[in-house]
Amino acid sequence: MPRFTFHRLWAIVLKEFVQMRRDRVTFGMMVGIPLMQLMLFGFAINSDPRHLPTALRLGDEGPYARAFVAALRESGYFALTREAASEAEAAALLQRGEVQFVINIPHDFTRRLLRGERPAILLEADASDPAATGPALAAARALADSIFDRDLDGALSRLRARPGPVELRVHAHYNPENITQYNVVPGLMGVVLTMTMVVITALAITRERERGTMENLLATPVRPFEVMVGKIIPYIVVGYIQVTLILLAARWIFHVPLVGSLGLVYAVAFLFIAANLAVGITFSTLARNQLQAVQMAFFFFLPSILLSGFMFPFRGMPEWAQWLGSCLPLTHFLRIVRGVLLKGSGPADIAPELWPLLLFVAVAMAVGVKRYRQTLD
Amino acid sequence: MSAPAPDLAIDVRGVTKRFGGRAVVNGIDLQVRRGEIYGFLGPNGSGKTTFIRMLCGLLTPDAGAGTCLGYDVRRQQDEIKRHVGYMTQRFSYYEDLSIRENLDFIARVYDVPDRRRAVDRSLERLGLGKRSRQLAGELSGGWKQRLALAACLIHEPQLLLLDEPTAGVDPKARRDFWDEIHRLAGEGLTVLITTHYMDEAERCHRLAYLAYGNLLTRGTVAEVVRDARLTTWTVTGPELARIGRVLRGQAGVDQVVAFGNTLHVSGRDAAALDAVIGGVVDDAHTWTRGSASLEDVFISLMDTARDNFA
Ligand SMILES: Nc1ncnc2c1ncn2[C@@H]1O[C@H](COP(=O)(O)OP(=O)(O)OP(=O)(O)O)[C@@H](O)[C@H]1O
Ligand SMILES: [Mg+2]
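Residues numbered from 1 in each chain as written. Chains lettered and ligands numbered in written order. Predicted model: local features only at pLDDT ≥ 70, side-chain atom pairs only at ≥ 80, totals over all residues. Heavy atoms only, no water.

Asks: I tried to follow the coordination of the magnesium ion (ligand 2) on my own but got confused; where do I start?
Replies: Any two of four tetrahedral donors ideally make an angle of 109.5 degrees at the metal, while pairs among six octahedral donors ideally make 90 or 180 degrees. Residue and element names in this part refer to chain B. The magnesium ion (ligand 2) binds to the protein through T49 (OG1) and Q89 (OE1), with metal-donor distances spanning 1.9 to 2.2 Å. Residue T49 is found in helix α1 (residues 48-55), and its partner Q89 is found in the loop between β6 (84-87) and α3 (99-109); the two are separated by 40 residues along the sequence. For T49, a relative accessible area of 17% gives the class buried. (Donors = N, O, S within 2.8 Å, 3.2 Å for Na, K, Ca; no water. Helix = DSSP H or I, 4+ residues; strand = E, 2+ residues; numbered from the N terminus. Buried < 20%, exposed > 50% of the residue type's maximum accessible area, 1.4 Å probe, protein only.)

Here it is as structure tokens:
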């Protein structure tokens, strides 16, 4: 039986190191991916999202109402970005996802407060992502109980009795039971598509080059655009199968209430699948071998999953991370899918998220076609 | 478009390609007539593959110009691709497709009219019919080569560029392959073929020899041998290695090459060579004076090229 020898082992070790050094891209990725993870997890991710955009429907301009609003703002969770004049306007803001909360203070707030009638403040929340709204709602509840402890003194101190002087009524829209799956399962559709579509197509052209079939393909009259689109179309079909599977699972296994138009989801999915395929194809024109292609796909997938609002609330991230996240197709697709499936959004509601997707597809395709070399030069 | 001589399938001048500052193909002129089988020879790394890739539009020449089938090699690469069949040095069809699927794919890409018939005909003609469902990756070298030839003929090209099509193929299959090439040439197809085999070189109508990117000689076999002006003595008998050591390095002896049980001693200066041989000739061996074989000529060309260019 052959015996183990160190010099043979060493021969393999040396060879591996030499090969590792030759493949600069892989080497770079081995350093780049941990760095990116450090940055994203260390600085961008925040599971206690603050400064959530909030619309105010102020029916009472009195000092107590103002004090309550000020206290909410000071809690750090609510950023009063909009004023809503009517209930309809407030509802529309929530629907489009422009605000996370609407605070309704009734016109007779002061009067009823002073009479000790425990006036109700209605806090409407877009609860489709329980992780985003949870901490803010908890803070608001604590506030409602203790807010006027200081202001209500003397004869009014009797109002400080528990339960507090105001009643905070929380109306959680879209996902009233705060079931995390309702938010995660539709989002998963985007994540699964990103993961598979980018990886599969990232390999598509690299594989031809690695196996030598590229030379043959280049020698035929086939145009770069034909190669690209031809390689993309089969995977669009695969993508649609994935979408269908996830929708079926959402409906029958996770019992997610699918309130919106499935047709709209399928239509937008086309754009999103195309975006990911274009990214994959672009990677495959850049990568020199299949390993590099897979790494590039991973390099794209990591920020997609972390910065898109899939895993962590988008609004909890610092501005630079939100900005980065906005460049990723998954971010917009998540908002669309959640909007349509959970909130019943229509085409007009999702329009603001559509054009970034379109732009992304156009840019990625253009880069891909440009990078695809017609010759072997 | 410059008016190309209608009887020339390939007509290029000064074709040059550099990789990293090194001229891999250095100012090559080549004229190939229609219907001709043109051999392209040269040692490894001499630039044959690179030159062929420039002809069919896969690489852009750094300098030089010309036409391929009357189309400009720099500007009309799409036209050229449509009418040229290129067989790459490395097997480059899809190993995970069957023979028929590969042929069908290529036929579609070239938009071959009546595709099914064309594929069937090509399967039949190359004797691939019974294997048509086999995956290309499972084929032996010889069958892969047949598939590759079938595939690059399917769109009925006017020019075949074959890059070492017979490397690793057995002698019988090579002979069949060459019979097929001659039959195709008889039908008017032009063939440019690279090879390292002398017997194949001798089956070409004309040939060119390349070394270090430079074209050293060209013409028919007879012309190439004649132009080399090489005299060769053939020695058979015992202890050839010793005789070789004695002769090597003597003035007038340019090369001594062992071919199995014979020794080829060649020189460009016939008188000087004869004088040297006259000094060592003996009865134990058979000494025959004749003209050089093609292989002697190529070895001599390679040696001179090494001195001049390397
Ligand atoms: N893409 C490239 N980049 C850099 N150098 C290259 C490239 N392609 C070929 N070369 C170099 O050009 C030279 C000629 O290569 P080429 O493949 O044309 O030779 P060849 O005559 O076909 O050799 P063989 O008989 O071994 O097939 C070689 O030295 C090779 O290393
Ligand atoms: Mg070659």
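Asks: So what exactly am I meant to see when it comes to the domain arrangement of chain B here?
Replies: Quite often, the size of an interface is put as the accessible area lost when its parts meet. According to the domain assignment, chain B contains domain 1 (34-60 + 73-224) and domain 2 (231-291). The straight-line distance from the C-alpha centre of domain 1 of chain B to that of domain 2 of chain B is 39 Å. (Domains from an automatic or database assignment.)

Asks: Hey, could you run me through the site of ligand 1 in this one?
Replies: Residues and elements named next belong to chain B. Within the structure, ligand 1 sits among 14 residues, and G45, K48, T49, T50 and Q89 are positioned closest to it. Between ligand 1 and G47, the relevant distance is 3.0 Å, taken from an oxygen atom to a main-chain nitrogen or oxygen of the residue. Within the contact set of ligand 1, an oxygen atom lies 3.2 Å away from a side-chain nitrogen or oxygen of H196. For ligand 1, whose free accessible area comes to 630 Å², the fraction covered by protein is 65%. Secondary-structure elements contributing two or more residues to the shell around ligand 1 are β2 (22-33) and α1. Of the residues assigned to the shell around ligand 1, the class counts are 3 nonpolar, 8 polar and 3 charged. (Near = heavy atom within 4 Å. Polar contact = N/O pair within 3.5 Å; in protein donor to acceptor, adjacent residues only side chain to side chain. Areas by Shrake-Rupley, 256 points an atom, 1.4 Å probe, with all protein chains shown as cover. Nonpolar A, V, L, I, M, F, W, Y, C, P; charged D, E, K, R; others polar.)

Asks: Sorry if this is basic, but what is going on with the pattern of salt bridges here?
Replies: Pairs may arise between side chains of opposite charge once their charged atoms sit close together. Residue and element names in this part refer to chain B. The final tally for this structure, using the stated rule, is 35 salt bridges over all chains. In this structure, the salt-bridge partner of K144 is E95, at a minimum N-O distance of 3.5 Å. Of this pair, K144 sits in helix α5 (residues 141-153) while E95 sits in the loop between β6 and α3, and the two are 49 residues apart along the sequence. Note that E239 and R242 form a salt bridge whose closest N and O atoms lie 3.6 Å from each other. Through salt bridges that share partners, R125, E180, R183 and E187 make up one connected network. (Salt bridge = Lys/Arg side-chain N within 4 Å of Asp/Glu carboxyl O.)

Asks: For this particular structure, what's the right way to read the sheet that holds β2(B)?
Replies: Backbone-to-backbone hydrogen bonds join strands into a sheet, with any given pair of strands oriented parallel or antiparallel. All names here are of chain B. Strands sit in the order β2-β1-β4-β5 across an open sheet of 4 strands; the sheet is antiparallel. The open sheet has two edge strands with one neighbour each: β2 and β5 (71-72). Note: strand β1 (residues 8-19) against strand β4 (residues 63-68), 5 bridges, orientation antiparallel. Looking across to β4, one finds that R13 is bridged to A65. With respect to the sheet, α1 is in contact with β1, β2 and β4, its orientation differing from that of β1 by roughly 120°. (Pairing = 2+ DSSP bridges. Contact = heavy atoms within 4.5 Å. Axes fitted to C-alpha atoms, helices over the stretch in contact; angles between N-to-C directions.)

Asks: Looking at this structure, how should I read the domain arrangement of chain A?
Replies: All names here are of chain A. When its domains are assigned, chain A resolves into domain 1 (52-173) and domain 2 (180-374). For domain 1 versus domain 2, the distance between C-alpha centres works out to 39 Å. Taken residue by residue, the interface counts 15 residues in domain 1 and 10 residues in domain 2. Where domain 1 abuts domain 2, roughly 990 Å² becomes buried across the two surfaces, and 48% of that area is made up of carbon and sulfur atoms. Where domain 1 meets domain 2, there are 1 salt bridge. K343 serves as the salt-bridge partner of D126, at 2.7 Å between the closest nitrogen and oxygen. Our count for the domain 1 to domain 2 interface comes out at 6 residue pairs in polar contact (both at pLDDT 80 or more). Top element by residues in the side of domain 1 that touches domain 2 is helix α6 (residues 130-146). It accounts for 3 residues. (Buried area = accessible area lost by both parts, 1.4 Å probe.)

Asks: Would you mind going over the interface of chain B and chain A with me for this structure?
Replies: Taken together, the 20 residues of chain B in the interface contact 18 residues of chain A. Around 1,800 Å² of area is buried between chain B and chain A when both sides are counted, 50% of it from carbon and sulfur atoms. Contact with chain A buries area across many residues of chain B, yet B:L58, B:K81 and B:Y94 alone supply 30% of it, more than any other trio. Inspection of the chain B/chain A interface yields 3 salt bridges.

Asks: Help me understand a nonpolar patch on the surface in this model?
Replies: All names here are of chain A. On the surface, a nonpolar cluster with roughly 680 Å² of combined accessible area is contributed by F17, M20, F27, M30, V31, L35 and L38. For the nonpolar patch, the secondary-structure elements that each account for two or more residues are α1 (6-22) and α2 (24-44). Top contributing element to the nonpolar patch by residue count: α2, with 5 residues. Here L38 shows up in helix α2. By relative accessible area, L38 is classed as exposed at 57%. (Patch = residues over 30% accessible without salt bridge, like charges linked within 9 Å, V, L, I, M, F, W, Y side chains within 5 Å.)

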